[in-house]
Amino acid sequence: MANNKVTIYIHNQRYRFLAEENEDYLQQCADIVNKEMDNAMDGNTLSITDGAVLAAMNVADKYCKERLVSDNLRAQLKQALDENARLAKEMSEMKREARKATKEKAKAKREAKVEAKAEAEGKAEEAQPSPAETQEAQTEEST
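Now for a description of the structure that goes with this document. Since this is a predicted model, take the numbers as computed values, not measurements.

Conventions we followed
- Residues numbered from 1 in each chain as written.
- Predicted model: local features only at pLDDT ≥ 70, side-chain atom pairs only at ≥ 80, totals over all residues.
- Heavy atoms only, no water.
- Helix = DSSP H or I, 4+ residues; strand = E, 2+ residues; numbered from the N terminus.
- Buried < 20%, exposed > 50% of the residue type's maximum accessible area, 1.4 Å probe, protein only.
- Contact = heavy atoms within 4.5 Å.
- Areas by Shrake-Rupley, 256 points an atom, 1.4 Å probe, with all protein chains shown as cover.
- Expected span 1.5 Å × (residues − 1).
- Arc of directions from axis to C-beta.
- Polar contact = N/O pair within 3.5 Å; in protein donor to acceptor, adjacent residues only side chain to side chain.
- Core = buried A, V, L, I, M, F, W, Y, C linked by side-chain atoms within 4.5 Å.
- Pairing = 2+ DSSP bridges.

Our focus in this paragraph is the overall build of the protein chain. On a plain count of helices and strands, the protein chain comes out with 3 helices and 2 strands. Starting at the N terminus, the α and β elements of the protein chain follow one another as β-β-α-α-α. Within the protein chain, the proportion of its 143 residues that are buried is 9%. Considering only residue pairs separated by 6 or more positions, the protein chain has 16% of its internal contacts joining residues 24 or more positions apart. Per element, the accessible surface of the protein chain, about 12500 Å² overall, is 54% carbon and sulfur.

This brings us to unusual backbone geometry. Trans peptide bonds make up most of the peptide bonds, and negative phi angles are found at most residues other than glycine. Of note, H11 is a non-glycine position whose phi angle comes to about 50 degrees, a positive value. The topology assignment puts H11 in the loop between strand 1 (4-10) and strand 2 (13-19). Phi angles above zero are rare outside glycine, and N12 is one such case at about 65 degrees. Mapped onto the elements of the fold, N12 is located in the loop between strand 1 and strand 2. A relative accessible area of 77% means that N12 is categorised as exposed.

Once that is clear, we can look at helix 1 (residues 23-41). In a regular helix each residue adds 1.5 Å, so 19 residues correspond to 27 Å; helix 1 covers 26 Å between its end C-alpha atoms and thus fits that length. Where helix 1 is concerned, the buried positions are L26, A30, N34, E36, M37, A40 and M41. Summarising the axial view, the buried residues of helix 1 lie within an arc of 170 degrees, below the 170-degree limit, and thus occupy one face. Those residues of helix 1 that are exposed and aimed more than 90 degrees away from the buried face are D24, Q28 and K35. Looking at where helix 1 begins, the residue whose side-chain oxygen comes 3.2 Å from the main-chain nitrogen of D24 is N22.

Another aspect to go through is the nonpolar core. Ranked by size, the top nonpolar core spans 6 residues in total: V6, I8, I10, A19, L26 and A30. Of all the secondary structure elements, the ones that give two or more residues to this core are strand 1 and helix 1. For this core, the leading source of residues is strand 1, giving 3 residues.

Moving on: the pairing of strand 2. Here strand 1 runs beside strand 2; their pairing, made up of 7 bridges, is antiparallel. Considered in strand 2, the bridge of N4 is made with A19. Remark: 2 residues form the turn of the hairpin made by strand 1 and strand 2, two consecutive strands paired antiparallel; H11 in that turn has positive phi of roughly 50 degrees.

Rendered as structure tokens:
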């Protein structure tokens, strides 16, 4: 962990920090505090302490509202991810059923071909006279 020694000015007072964050980040934070302090002190005859408390309450208010928005977004994201998982599972099941139906269709088609072939062979056998019928036909022709 790198510790950075940073000097920041908040409401014209110098503060020294030893922090893991870099100076730019700390300066951004100080800029927010300074803005809130200026807003709190503007037109008011507050002490620095009262101004700091009012600024802190304003920052805390913004933080809490942003946290609610963030929590809401997280809940929406979780709901969307859950729905996505449900739909992926449903799609997987539908693909499985489609593969099963395709296999059943192919099997039915093969069975239909076998039945058609057997039926055609049966009709061909019926069309050919039996040996007894052939002999009768030959006897009738000779008479």
